[in-house]
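Close look at the chain arrangement
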Amino acid sequence: MMINIIPYSTTFCFKGASHSIIINTDKTKVYRFENTYLQSICFNLSNKVIPSDSDVFNNFLLEEGMHFEAHERDASLFLRSKERSMNWHEANGDIIICLDKYTALNDCYVKFIEAAYVAGFNIVQIQLYDEVNTIEISKFIRKFQDMKLSFEILSSAIYSNEQPLIDIFDEFRSIYRLCFFSSGKFSSTFDQYGRVLEYVDTPLSMKSCGNISSKGFVPTRRFITLAKNANSCLYNKLAIDVRGCIRNCPSMPMVYGKIGESYFEDIIKLTHFQEVASIRKDDIEICRDCEFRYICTDCRAYINKPEEPNSKPLKCGYDPYSGEWSNWRNISNELTMMYYDL
Ligand code: SF4
Ligand code: SF4
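Since the model is a prediction, treat every value here as computed from it, not as a measurement.

**Focus: the overall build of the protein**
Helix and strand content of the protein: 10 helices and 17 strands. For the protein, the proportion of its 342 residues judged to be buried stands at 31%. Considering only contacts in the protein between residues 6 or more positions apart, those separated by 24 or more positions represent 63%.

**Here we look at the sheet that holds strand β2 (residues 11-15)**
Hydrogen bonding along the main chain pairs the strands of a sheet, whether they run parallel or antiparallel. Reading across from one edge, β2-β3-β4 is the order of the 3 strands in this open sheet, with antiparallel pairing throughout. The open sheet has two edge strands, β2 and β4 (29-34), and neither has a second partner. Recorded for the sheet is a direction-independent mean angle of 20 degrees between the axes of neighbouring strands. Both strand β3 (residues 19-24) and β4 contribute to a ladder of 6 bridges, which runs antiparallel. Paired with Ile21 across the two strands is Arg32, which belongs to β4.

**A look at the pairing of strand β9 (residues 150-156)**
Note: strand β8 (residues 121-128) against β9, 5 bridges, orientation parallel. Of the residues in β9, the one forming a bridge with Val124 is Phe151. Taken together, β8, helix α4 (residues 134-142) and β9 form a β-α-β motif whose crossover is right-handed. Sheet topology places β9 next to strand β10 (residues 175-181); 6 bridges connect them, and they run parallel. Each bridged residue has a counterpart across the sheet, and for Ile153 the counterpart in β10 is Leu178.

**Details of the nonpolar core**
Among the nonpolar cores identified, the biggest contains 66 residues, and Ile95, Ile97, Cys98, Leu99 and Ile126 are the most heavily contacted of them. Looking at which domains feed residues into this core, each of domain 1 (3-85) and domain 2 (93-277) gives three or more. Setting aside chain neighbours within four positions, we find Ile95 in contact with Ile113, Ala116, Phe121, Val124 and Leu238.

**Brief notes about the site of ligand 1**
Around ligand 1, the neighbouring residues are Cys209, Gly210, Cys233, Leu234, Cys249, Ser251, Thr297, Cys299, Arg300 and Ala301. A per-class count over the shell around ligand 1 returns 6 nonpolar, 3 polar and 1 charged.

**Observations regarding the environment of Glu198**
With respect to the helices, strands and loops of the structure, Glu198 is situated in strand β12 (residues 196-199). Separated by 11 residues in the primary sequence, Glu198 and Ser187 have C-alpha atoms spaced 5.6 Å apart. With sequence-adjacent residues up to four places away left out, Glu198 is seen in contact with Arg177, Cys179 and Ser188.

**So, helix α6 (residues 221-229)**
Along an α-helix, residues three or four apart share an orientation, since each turn contains 3.6 residues. Regarding α6, the residues found buried are Ile224, Leu226 and Ala227. Take α6 and look down its axis: the buried residues cluster within an arc of 165 degrees, on one side only. For α6, the secondary structure elements touched by its buried residues are β2.

**Description of the site of ligand 2**
Around ligand 2, 13 residues are found, and the nearest of them are Cys287, Cys290, Cys296, Cys316 and Tyr318. Tallied by class, the residues present in the shell around ligand 2 amount to 10 nonpolar, no polar and 3 charged.

**Observations regarding the environment of Cys287**
Tracing the sequence through the fold places Cys287 in the loop between α8 (271-277) and β16 (318-319). In this structure Cys287 comes out as buried when scored by C-beta crowding, with 24 C-beta atoms within 10 Å. Those residues in contact with Cys287, other than ones at most four positions away along the chain, are Lys281, Arg293 and Lys312.

**Observations regarding the packing of α4 against helix α5 (residues 162-171)**
Interaxial distance between α4 and α5 falls to 10 Å at its minimum, and their mutual angle equals 15 degrees. Viewed along their axes, α4 and α5 adopt a mutual orientation that is roughly parallel. Of the two possible hands of crossing, α4 and α5 adopt the one that is right-handed. From α4, Thr134, Ile137 and Ser138 reach across to α5, where they touch Pro164, Leu165, Ile168 and Glu171. Here the residues of the contact of α4 with α5 sort into 4 nonpolar, 2 polar and 1 charged.

**What to know about the sheet that holds β8**
The sheet built from 9 strands is open, its strands ordered β11-β12-β10-β9-β8-β7-β13-β14-β15 with mixed pairing. The two strands at the open ends of the sheet, each matched to only one other strand, are β11 (187-190) and β15 (257-258). Relative to β10, α5 is tilted by about 165 degrees, and along the sheet it contacts β9, β10 and β12.

**What about the environment of Lys15?**
By the secondary structure assignment, Lys15 is in strand β2. Look at Lys15 and you get partly exposed, because 17 C-beta atoms sit within 10 Å. For Lys15 and Glu34, which are 19 residues apart along the polypeptide, the C-alpha to C-alpha distance reads 9.6 Å.

About the cut-offs
Residues numbered from 1 in each chain as written. Chains lettered and ligands numbered in written order. Predicted model: local features only at pLDDT ≥ 70, side-chain atom pairs only at ≥ 80, totals over all residues. Helix = DSSP H or I, 4+ residues; strand = E, 2+ residues; numbered from the N terminus. Buried ≥ 20, exposed ≤ 12 C-beta atoms within 10 Å, placed from the backbone. Contact = placed C-beta atoms within 7 Å. Pairing = 2+ DSSP bridges. Axes fitted to C-alpha atoms, helices over the stretch in contact; angles between N-to-C directions. Right-handed = clockwise from strand over helix to strand, strands pointing away. Core = buried A, V, L, I, M, F, W, Y, C linked by C-beta atoms within 7 Å. Domains from an automatic or database assignment. Near = placed C-beta within 6 Å. Nonpolar A, V, L, I, M, F, W, Y, C, P; charged D, E, K, R; others polar. Arc of directions from axis to C-beta. Parallel < 35°, antiparallel > 145°, perpendicular 65-115°, else oblique. Left-handed = near helix turned anticlockwise from the far one by under 90°.

Structure representation (structure tokens):
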């Protein structure tokens, strides 16, 4: 009877134009191979059985703890259960609130967040682009203490309100991350609950978002299923800029409404809002041929051809056809850089 090699349900394999990857989501590890090396293997590995005809490959999977062997009849049962386990459970939603010293964090914001929470949005990221009134922030977070909302606060260390923000972080367990940008150092301190106080030296700026690098890949089952079904950055994401304008993210140009004038329920139903949030990596030119497509964030705010919504993220220097990385600034079109003022 034929023996089949079956990847565990935590093993995923994706083929690109020149390279392929095998992901062990248990260990969040990614292994990359040239396609030529894998040619002898039936490499539709995105969750299929691999016939046991390559000792090298089988040994590799075995050593990394990513496969088991089964007789043919058991293999088909396994595959059915694996297909079920790939069913998509929709991702949580997050809302980004950008504040400067002119933004009034009033009840309109509270009502908006409450409506979003009912719809499953349970993460609020507060980005501080000025020295803002920290008492207002503390009052705002206190209003949601009875909900299972998690907060993240991003601020710049160049503002002098560092200690009041740390006090807020200490006061509210619902804040899972406080990060100071432009701090001149890199450090992360975790508390007993896994919450993190972080310092980074990069600036907090809307223009600095969207950089694609292997360090940002997310090799988890949750992310893979999201990227297969929707936009891996903008699905269930909504941002309110410093003027109260509602967008997909702070860097996206389209404005769908304004805080105090628009209802959350109306905005998420808008066709354009949903269209952007549903662009998958498989819809994007070049990315659809990339082995990293299901573990890579998809930036739609900065793209190679601004007039073509399905073009590749601008800030990616990877070429899936050659398998080489370069600095995205060196290979980007000058006009596109000027268009985005980068
Ligand atoms: S779409 Fe781009 S700029 Fe906007 S949040 Fe995502 S990565 Fe950042
Ligand atoms: S080509 Fe696309 S999928 Fe591949 S790394 Fe770049 S942005 Fe990500």
